[in-house]
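Listed here are the chains, written in short residue letters.
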Amino acid sequence: MGIRFDSVTVAYDGNVVLDALDLTVEPGEVMALLGPSGSGKTTALRAVAGFVRPVAGRVLLGGRDVTDLPPYRRGIGMVVQSYALFPHLRVDQNVAFGLRARKVPKGEIRQRVAEAMEMTGMAGHARRHPRELSGGQQQRVAIARALAIRPDVMLLDEPLSALDAQLRSGMLAELARLHRELPDLSMLYVTHDQVEALTLADRIAVMDKARLQACGTPRQLYRAPANEFTASFVGNANLLPVTVGPAGVGFAATELKVDTGEAAAGARATLCVRPHLVGLGEGPNRLTGTVTEIQWRGATHRLYVEVDGHSVMADVRELKDPPAHGATVSLHFAAEDAVLLPAGVSHG
Ligand SMILES: Nc1ncnc2c1ncn2[C@@H]1O[C@H](COP(=O)(O)OP(=O)(O)OP(=O)(O)O)[C@@H](O)[C@H]1O
Ligand SMILES: [Mg+2]
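Residues numbered from 1 in each chain as written. Chains lettered and ligands numbered in written order. Predicted model: local features only at pLDDT ≥ 70, side-chain atom pairs only at ≥ 80, totals over all residues. Heavy atoms only, no water.

Q: Tell me about the side chain of T120, residues and numbers included.
A: Relative to the elements of secondary structure, T120 occurs in the loop between helix 3 (106-119) and helix 4 (135-148). A distance of 2.9 Å separates a polar side-chain atom of T120 from the backbone oxygen of A116. Here the side chain of T120 touches M117 through a polar contact of 3.4 Å, landing on its backbone oxygen. Excluding its chain neighbours within four sequence positions, the residues that come into contact with T120 are R140, I143, A144, L147 and E174. (Helix = DSSP H or I, 4+ residues; strand = E, 2+ residues; numbered from the N terminus. Polar contact = N/O pair within 3.5 Å; in protein donor to acceptor, adjacent residues only side chain to side chain. Contact = heavy atoms within 4.5 Å.)

Below, the structure is given as structure tokens:
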């Protein structure tokens, strides 16, 4: 079942924290809500769940306006960062909770609890209490509890952020598997971890300052971000302040040949080039500067090169013989690997 935000605005004490959000999650789609702290991600989720009432706009589930429905009538499963399990209840009782509240017959509760625990790999721990489980296991129970009600829509609010990195990547793979097993389930997944968003989501909605900044597939946002914020929030980005010229752009004293599209000559703009698309050595669109830092990252070296007062990052395959600090080097990139964005904060 799809989710639609139709110009949803939420305010606390007159303070707008979600500003006319328009966003559609298709049936069966995983949409990640990505953005910095305070950007309104949890608020958007709470508006879908019914825990906060919009001051304007409508929330639709499966085409039906649910703005005035109480949370328990919306058919939603929700998982939050802190698990929020009942400590005095056993695992199976926690998983059964939503079904009991909905007065589902006993026999069916037993069956659905077993099914949800099987799906999340918790079948062997039915009689334990939450305190007898690891963080990852507790989060599985929380997911099982949300699944047991057979929701049409799952809302996940940073479900993995309390777990360590290794567990997180394991759980990420499990969530992807769950979604393959339940292909009709729509998921709205809040995170501020771009790896989670890139791995799991069909599309990503990028939020900043109560507003939707961009929405698209991970590839679209990475390859052709609409603005500086999206470029730097989804992946790493070199954002070079440039001036549009007749056959490319000017970056400080350097002329770069890139596609300027519709941009008018003389206009200020920002050139976005991903660090892994910047090469070391001679090539087209050459930038010459001084190495200010070199980081060894296992398979790659990250070079920071100061070019006309701007730091440019290059991620290159591990160098046998990396340049020294202060060395003068040339960087280059292909015209098709650069994207011209509207001028933004990079112009200072
Ligand atoms: N109950 C509340 N009363 C007043 N202000 C609130 C309330 N809940 C959230 N806010 C404010 O709304 C804004 C958005 O909060 P929200 O929780 O949606 O952010 P978020 O994107 O989920 O951030 P985080 O990544 O830190 O969880 C924040 O400025 C926050 O302080
Ligand atoms: Mg939040």
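Moving on, there is more to tell.
Q: Residues and numbers for the site of ligand 1, please.
A: In the vicinity of ligand 1, the residues found are Y12, V17, P36, S37, G38, S39, G40, K41, T42, T43, E158 and H192. Within the backbone of S39, a nitrogen or oxygen atom sits 3.1 Å from an oxygen atom of ligand 1. At a separation of 2.8 Å, an oxygen atom of ligand 1 approaches a polar side-chain atom of T42. Surface burial for ligand 1 is 57%, taken as the share of its 640 Å² of free accessible area covered by protein chains. Looking at which element gives the most residues to the shell around ligand 1, the answer is helix 1 (residues 41-49), with three residues. A class-by-class count of the residues in the shell around ligand 1 yields three nonpolar, seven polar and two charged. (Near = heavy atom within 4 Å. Areas by Shrake-Rupley, 256 points an atom, 1.4 Å probe, with all protein chains shown as cover. Nonpolar A, V, L, I, M, F, W, Y, C, P; charged D, E, K, R; others polar.)

Q: Residue-level account of the packing of aromatic side chains, with values.
A: Counted by the stated rule, this structure contains two aromatic pairs. An angle of 40 degrees between the planes, with centres 4.4 Å apart, marks the rings of F86 and F97 as tilted. Of this pair, F86 sits in the loop between strand 6 (76-80) and helix 2 (91-101) while F97 sits in helix 2; the two residues are eleven residues apart in sequence, bridging distant segments of the chain. Both rings, one in F229 and one in F233, keep their centres 5.2 Å apart while their planes meet at 15 degrees; by these two values the pair is stacked. Here F229 pairs with F233, and both are found in helix 8 (residues 228-233), just four residues apart, close to one helical turn. Lying across the ring of Y222, R274 places its NZ or CZ 4.1 Å from the centre. (Phe/Tyr/Trp six-rings, centres within 6.5 Å; stacked < 30°, edge-to-face > 60°. Lys NZ or Arg CZ within 6 Å of the ring centre and 35° of its normal.)

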